[in-house]
Amino acid sequence: MNLKLVFILITIIGLNSESCVSQKKNTNKEKTNLSRIKYNFNPAWKFVKENPENAEKIDFNDSSWDTVSCPHTFNDIDTFDDYSLGHHDGEANQWRGTVWYRKHFKLPESDKGKKVFIEFESVRQIADVYINGTHLGQNQTGFIPFGYDLTPHLNFNGDNVLAVKVNNDREDHFRENFPLVWNHEHWHPTHGGIYRNVFLHVMDPLHITLPLYDNLETLGTYVYADNISETEADIFVNAEVQNEYNENKTVSFKANIFDYEGTLVATSETEQDVKAGEKLTFSTKTHIENPNLWYTRNPYMYSVQSVLLIDGKVIDSYNTPLGIRNFKFDKDKGFFNNGEHAKLHGWGQKPTNAWAGLGAALPDWLRDHTFQLMDEAGGNFIRWGHCAGSPAEADMADKYGFVTLMPGVSGESEDAGETWDIRIKAFKDMIVYYRNHPSIFIWEGGNWAESEAHYKEILNIINTFDPNGKRPMGNRRADVKNDSEGYISIEIGTEGWEREYPDLPVIESEYMREEAPRRIWDKNSPDDNFFSHPNIDKNTYKITSEQFAVRQVQHWWDKMGRKAYHVGGANWIFSDGTHGGRGQTEVTRASGEVDAVRLPKEAFYALKAMWRPEPQVHIIGHWNYNEGTTKDIFVVSNTAGVKLYVNDILIGENTSPTSGYLYTFKNVVWEAGKIKAEGIIDNSVKVTQTKTTAGKPVALKLTPIIGPKGWLADGSDIALIDVEVVDAKGQRCPLAKGHVDFSITGPAIWRGGYNSGKPNSTNNLFLDLEAGINRVALRSILEPGNITVSATFQELPMASVELTSNPIDLKNGLTAELPQVYEQVLTEEPMPVHIPDIPEYIPGKTNKSKLFTKFSYTGDGKAMLRTNMHWGKKAYTDMEENYTVIPKYLRGSEYIRTPNSDNRYWARDQLQFIAGLKMHIYVLHDDTVKRPEFLLDDYQDTGDDIKVGNVVMSIFHRVAEAGDSIIMAGNSDGDAPKDCRMYTVIGKVFK
């Protein structure tokens, strides 16, 4: 795995440096005592899952409440425990309501006279914040950082109490959950709580403000590079400074730029008089020679330290990330990073980032662990799904080189009234907070098209608060409204079949939304509660891990990889979660490349074999079959050819991959021993993978995973333990399954793991293995100590592992130990070793019509526009069924061939277009299927029928005016019969 660098924020500055320092080896830095303190406010809160009266008051008795630490959710024990409801509905059976948190703390005498601010990285969903009984305000975004000034209300001679009332309730249907339409398990599991970090900032009354626009209306710093080349770059630093003294101050401002090694490479300074009570911006410009540029494959980070001085004494300082990069999104050639072409490939990810047994409350190093996995698999792009990712994850995108598509908060609608007011304010807050991150390349205005007035508001915020970011703005599903024309500057597509804006670059937001659990290898392997599951007929998807991996390759290549003009896009989604699946055999939406405890599926390795730049080859599956098994073997490789061997005998050589990277070897006969694949370029073996037949299980193996600084006894840190069955050689037995029992001693809370196909499997001292392995978690408490975990499985010897949780320096509710993440991870990656031939792109060649304008289809299969409907025309893209006898009024119409494979697929936005002219629209519907809502609401049954093959379809009709947005959902809002037909659509000019 190639890892990249994180830059540790520097706590020393150079006060005697020249105005423009260009010698990188200048290490003459003077240590100073910086007056700003950032406390970790996460540990030791009191919590109750009730709504008592007067809980905000300082003298309220909370001694009987639980002691918890943040990040915290009160839904960690009631998530990943119910079967998916199907139809894209999320996990609904979670506790929802109002709870309280209270934090007791004392500030040291040295902080007296300072300014004290509280920062919440976000709270789900509604947070009312009180300090010593005074209500400070309310935040309803659930995903955007916010803060308050505590100073006027603090007691420096005794106890202080910060109280937070939290509510995560919602209406039953996501479309009715106003005003917070995004707070619904249809989009995100409703894991309520203070689920991200909390910090206390203590600083001088003369200080650089925090980038917390909500409530405080402060901007912090704005740092950007311009005039960038390999030989130079100009760095502009703007810092908002507030003087809360009762007297004017003459202030010197210095901007120090450090490279990742901590060497001072440039500095600039200026001086201004700041009046009492005034808030103004200091601006400087400096110059870096021969800068290290930020590439997705080499994300080099600088740090800018902004310093305030009075009479030469440091009063305040603040660190801002800096990545120096040029970029371009080209409508015909894709994405360029510092002039270098880069295809973007990665994932959409829910910002709740939920984990089985833990919910959405994760320590930062576990979020970092997820990024490391995405990086290992070759990712360089992330789209946060509908709402903003966390501050820690923005830092991780910077250091791992992930181009980021960042939204504010959104459901899937054009909103008005209070909902829009909350959304647009959250968008402003998000821009201010995140605008300095070099990894953010695109602002997402929303998850649905907006009105012209709303687009103007969005662009006004970008132009006001990020005027030099040069980032494009787009809305997913902007194609549903003509109002989008002239306002979006990049097309954010869905499922990647067609571009709708030929004059704009296109990037994919959600593709490959199929689902498959990790536990079911293939149809030649023993079933593990999947095909034999009593709910299997309710699943939209009935595919194995092998099929899921193969389809990952096919979807990537066909939708984005082979299109020279396509920027690339986001596979939906990286980790399994409870946010709305279509498989009722699972407790998750199983569309991730890793499962809900981040154990990789075969699809993870398939994408790695496509996307990593170094030579890669991966044989999908295992090599433990029954005698007589003959099966196709699928190999994914980014080389130009693959040779396959069984027990060192050459089975075949394939130099003609399908979908760019997929090498298929037909009818391979299994033999115990080993199977080997060699990746070939120019007749030379560049990479090899061997899979060996595992022997009988002989031992249970326990492997701990802890954070980079150890397991911290802070009350919220997590330790993971992998439990797997191995043979006499220590290799995993891939078909092992069955019940494991655990025991634990020592100061920790058992969190357990989950089984993807069983309800109520979380938080138990037992768990089933899946494909030979599973993973459990333990949470620390505030008491350090030694913890022993033991496990038993069938007749194998007991296995044990010992862990130690380390104390933290916690005094009076405060600690200066910030959340741990992985550091020093920068590694420069090479250019791709081999790129398959990509068809020439001819600009302007499109599959459009005058009737079905901005046509898009977001199902799993491919839909196509066709003209001149008549006898003998093919009805579906994936069936040999033709129209035969048709009513005269349909002849000569334009029509849409839909894929019949989507006959049981549901999505709200499955088929969409804008009427180019006033037109008749006809929908042919199989009435063995329950008529969907859109058909009942907008269309009338003509009474006519048409026969397609042996199926009789009813004809429904409506008239659309030119410019009308037509949106059709899936075939049925409920379960559809197994052998039903997908609807088809016909259009004809109104006369």
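Residues numbered from 1 in each chain as written. Predicted model: local features only at pLDDT ≥ 70, side-chain atom pairs only at ≥ 80, totals over all residues. Heavy atoms only, no water.

Chemist: Before we go on, may I ask you to explain the overall build of the chain in this structure?
Modeler: Looking only at helices and strands, the chain features 7 helices and 56 strands. Here the chain has a C-alpha radius of gyration of 29 Å; the compact-globule value for 991 residues is 30 Å, and the two agree. Seen through its C-alpha atoms, the chain measures out along the principal axes to roughly 90 × 75 × 65 Å. Accessible area for the chain stands at about 34,700 Å²; split by element, carbon and sulfur atoms hold 46% of it. Of the charged side chains in the chain, 105 are positive and 135 negative, and the gap between their average positions amounts to 4 Å. (Helix = DSSP H or I, 4+ residues; strand = E, 2+ residues; numbered from the N terminus. Rg over C-alpha atoms; globule rule 2.2 N^0.38 Å. Areas by Shrake-Rupley, 256 points an atom, 1.4 Å probe, with all protein chains shown as cover. Lys, Arg positive; Asp, Glu negative; His and termini not counted. Charge placed at Lys NZ, Arg CZ, Asp CG, Glu CD.)

Chemist: So what exactly am I meant to see when it comes to the sheet that holds strand β14 (residues 249-258) here?
Modeler: Two orientations exist for strands paired in a sheet by backbone hydrogen bonds: parallel and antiparallel. The 4 strands lie next to each other as β15-β14-β19-β20, forming an open sheet whose pairing is antiparallel. Each having just a single partner strand, β15 (264-274) and β20 (313-322) make up the two edges of the open sheet. The mean inter-strand angle of the sheet, taken between neighbouring strand axes irrespective of direction, is 20°. Summarising the sheet, β14 and β15 pair through 10 bridges and their orientation is antiparallel. (Pairing = 2+ DSSP bridges. Axes fitted to C-alpha atoms, helices over the stretch in contact; angles between N-to-C directions.)

Chemist: Is there a simple way to explain the nonpolar core in this structure?
Modeler: Generally speaking, nonpolar side chains in soluble globular proteins are found buried as a group. Core analysis: the largest hydrophobic core is formed by 134 residues, its most contacted members being I235, I324 and W443. At 10 residues, the largest contribution of residues to this core is made by helix α3 (residues 417-434). With 40 residues, the next largest nonpolar core counts M869, L911, A915 and Y922 among its residues. (Core = buried A, V, L, I, M, F, W, Y, C linked by side-chain atoms within 4.5 Å. Buried < 20%, exposed > 50% of the residue type's maximum accessible area, 1.4 Å probe, protein only.)

Chemist: So what exactly am I meant to see when it comes to the pairing of strand β6 (residues 126-131) here?
Modeler: On a regular strand, one side chain projects to one face of the sheet and the next to the other, so that they alternate. β6 sits mainly inside the fold: 6 of its 6 residues count as buried. Here β6 shows no split at all, with I126, D128 and Y130 on one side and A127, V129 and I131 on the other all buried. Connecting β6 to the next strand, strand β7 (residues 134-139), in antiparallel fashion are 2 residues, including N132 with a positive phi near 50°.

Chemist: Would you explain the packing of aromatic side chains in this entry?
Modeler: The geometry of an aromatic ring pair comes down to the distance between the two centres and the angle between the two planes. Summed over the entire model, instances satisfying the criterion amount to 44 aromatic pairs. Between F80 and Y754, the aromatic rings sit 6.1 Å apart at their centres with planes inclined by 65°, giving edge-to-face as the arrangement. One end of the pair, F80, is in the loop between β3 (66-68) and β4 (98-105); the other, Y754, is in the loop between β43 (748-752) and β44 (766-769), and 674 residues separate them in sequence. We note that F80, like Y754, is buried. When the centroid spacing of 5.5 Å and the interplanar angle of 65° are considered together, the rings of Y213 and F465 count as edge-to-face. Placement of the pair is Y213 in the loop between β11 (206-208) and β12 (221-226) and F465 in helix α4 (residues 452-465), with a sequence separation of 252 residues. Like F465, Y213 is buried. Pairwise contacts between aromatic rings join F41, W45, F47, F74, W95, Y101 and F105 into one cluster. Here the basic side chain of K249 rests over the ring of Y245, its NZ or CZ set 4.3 Å away from the ring centre. Directly above the ring of Y295 sits R297, whose terminal nitrogen or CZ lies 5.6 Å from the centroid. (Phe/Tyr/Trp six-rings, centres within 6.5 Å; stacked < 30°, edge-to-face > 60°. Lys NZ or Arg CZ within 6 Å of the ring centre and 35° of its normal.)

Chemist: Mind showing me how you'd approach the packing of helix α5 (residues 545-561) against helix α6 (residues 602-611) here?
Modeler: Helix packing for two helices is described by the angle between their axes and how far apart those axes are. Where α5 contacts α6, the two axes come as close as 8 Å, and the packing angle between them is 30°. Accordingly, the angle class assigned to the pair α5 and α6 is roughly parallel. Considering only the axes of α5 and α6, their crossing is right-handed. For the pair α5 and α6, the contacting residues are S545, F548, A549, Q552, V553 and W556 in the first and E602, A603, A606, L607, M610 and W611 in the second. When its residues are assigned to classes, the contact of α5 with α6 shows 9 nonpolar, 2 polar and 1 charged. (Parallel < 35°, antiparallel > 145°, perpendicular 65-115°, else oblique. Left-handed = near helix turned anticlockwise from the far one by under 90°. Contact = heavy atoms within 4.5 Å. Nonpolar A, V, L, I, M, F, W, Y, C, P; charged D, E, K, R; others polar.)

Chemist: Help me out: how do you make sense of the side chain of H579 in this one?
Modeler: By the element assignment, H579 lies in the loop between β31 (568-572) and α6. Apart from the residues within four sequence positions on either side, H579 is in contact with G90, E185, H186, W187, H188, P189, K350, I573 and R589.

Chemist: Even after reading the chapter, I still don't get the confidence of the model for the chain, so can you show me in this structure?
Modeler: Mean pLDDT over the chain works out to 93, with 96% of the residues at or above the 70 mark. For the stretch residues 1-33, pLDDT sits under 50, and the model shows 112 contacts to residues farther than four places along the chain or on other chains. (pLDDT = per-residue confidence, 0-100.)

Chemist: Whenever I open this one, the pattern of salt bridges confuses me. Can you help?
Modeler: Throughout the structure, instances matching the rule amount to 56 salt bridges. Of the charged contacts in the structure, one is a salt bridge between E586 and R519, with a shortest N-O distance of 2.8 Å. Note that E586 is positioned in the loop between β31 and α6 and R519 in the loop between β30 (506-511) and α5, a separation of 67 residues in sequence. Assigned by exposure class, E586 and R519 land together as buried. Each member of the salt-bridge network shares a partner with another, and the members are R383, E412, E444, R476, R477, D479, E510, R513, R908 and D909. (Salt bridge = Lys/Arg side-chain N within 4 Å of Asp/Glu carboxyl O.)

Chemist: How should the sheet that holds strand β8 (residues 146-149) be read in this particular structure?
Modeler: Read across the open sheet, the 4 strands follow the order β1-β10-β5-β8; overall the sheet is antiparallel. For this open sheet the edge positions go to β1 (37-40) and β8, each flanked by a neighbour on one side alone. Recorded for the sheet is a direction-independent mean angle of 20° between the axes of neighbouring strands. Here β1 pairs with strand β10 (residues 198-203) via 4 bridges, running antiparallel.

Chemist: What's the story with unusual backbone geometry in this structure? I'm lost.
Modeler: Apart from glycine, the bulk of residues carry a negative phi angle, and the bulk of peptide bonds sit in the trans form. Here the residue pair C70 and P71 is connected by a cis peptide bond, since its omega of 0° sits within 30 degrees of zero. The residue after F178, namely P179, is reached through a cis peptide bond having omega 0°. In this fold, P179 is placed in the loop between β9 (160-167) and β10. Even without being glycine, S122 reaches a positive phi, approximately 145°. With a phi close to 50°, N647 is a non-glycine residue in the positive phi region. Within the secondary structure, N647 is located in the loop between β34 (641-646) and β35 (649-654).

Chemist: In this structure, what is going on with the pairing of strand β33 (residues 630-637)? I would like to understand it.
Modeler: The element β33 is extensively covered by neighbouring structure, given that 6 of its 8 residues are classed as buried. Here strand β32 (residues 617-619) runs beside β33; their pairing, made up of 3 bridges, is antiparallel. Within the sheet, the bridge partner assigned to V617 lies in β33 and is S637. Here β33 pairs with strand β36 (residues 662-669) via 6 bridges, running antiparallel.

Chemist: I would appreciate a short explanation of helix α1 (residues 364-376) in the present structure.
Modeler: For α1, built from 13 residues, the straight-helix expectation of 18 Å at 1.5 Å per residue is met to within 8% by its first-to-last C-alpha distance of 18 Å. Extensive coverage of α1 is indicated by the burial of 13 of its 13 residues. Just downstream of α1 lies G378, where phi reads positive at about 90°. (Expected span 1.5 Å × (residues − 1).)

Chemist: Please explain the layout of surface pockets as it appears in this structure.
Modeler: Taking a probe equal in size to a water molecule and rolling it over the atoms shows the remaining empty space. If you add up the space inside the second largest pocket, you get close to 710 Å³. W521, E602, Y605, K691 and R732 are the residues nearest the centre of the second largest pocket, which is lined by 30 residues in total. Of all elements in the fold, only α1, α6, β38 (684-692), β41 (718-726) and β45 (773-780) reach the threshold of two or more residues within the lining of the second largest pocket. Classifying every residue of the lining of the second largest pocket gives 11 nonpolar, 10 polar and 9 charged. (1 Å grid on protein atoms, 1.4 Å probe; cavity = no way out; pocket = protein on both sides within 12 Å on 5 of 7 lines; lining within 4 Å. Points joined across faces, edges and corners; volume = space filled by probe spheres on them.)

Chemist: Whenever I open this one, the packing of α3 against α4 confuses me. Can you help?
Modeler: Remark: α3 packs on α4, axes separated minimally by 9 Å, with the N-to-C direction vectors making an angle of 20°. The angle between the axes of α3 and α4 places the two elements in the roughly parallel class. Crossing of α3 against α4: the hand is right-handed. Here α3 contributes W420, I424, F427, K428, I431 and V432 to the contact with α4, which in turn contributes H454, E457, I458, I461, I462 and F465. Residues that form the contact of α3 with α4 fall into these classes: 9 nonpolar, 1 polar and 2 charged.

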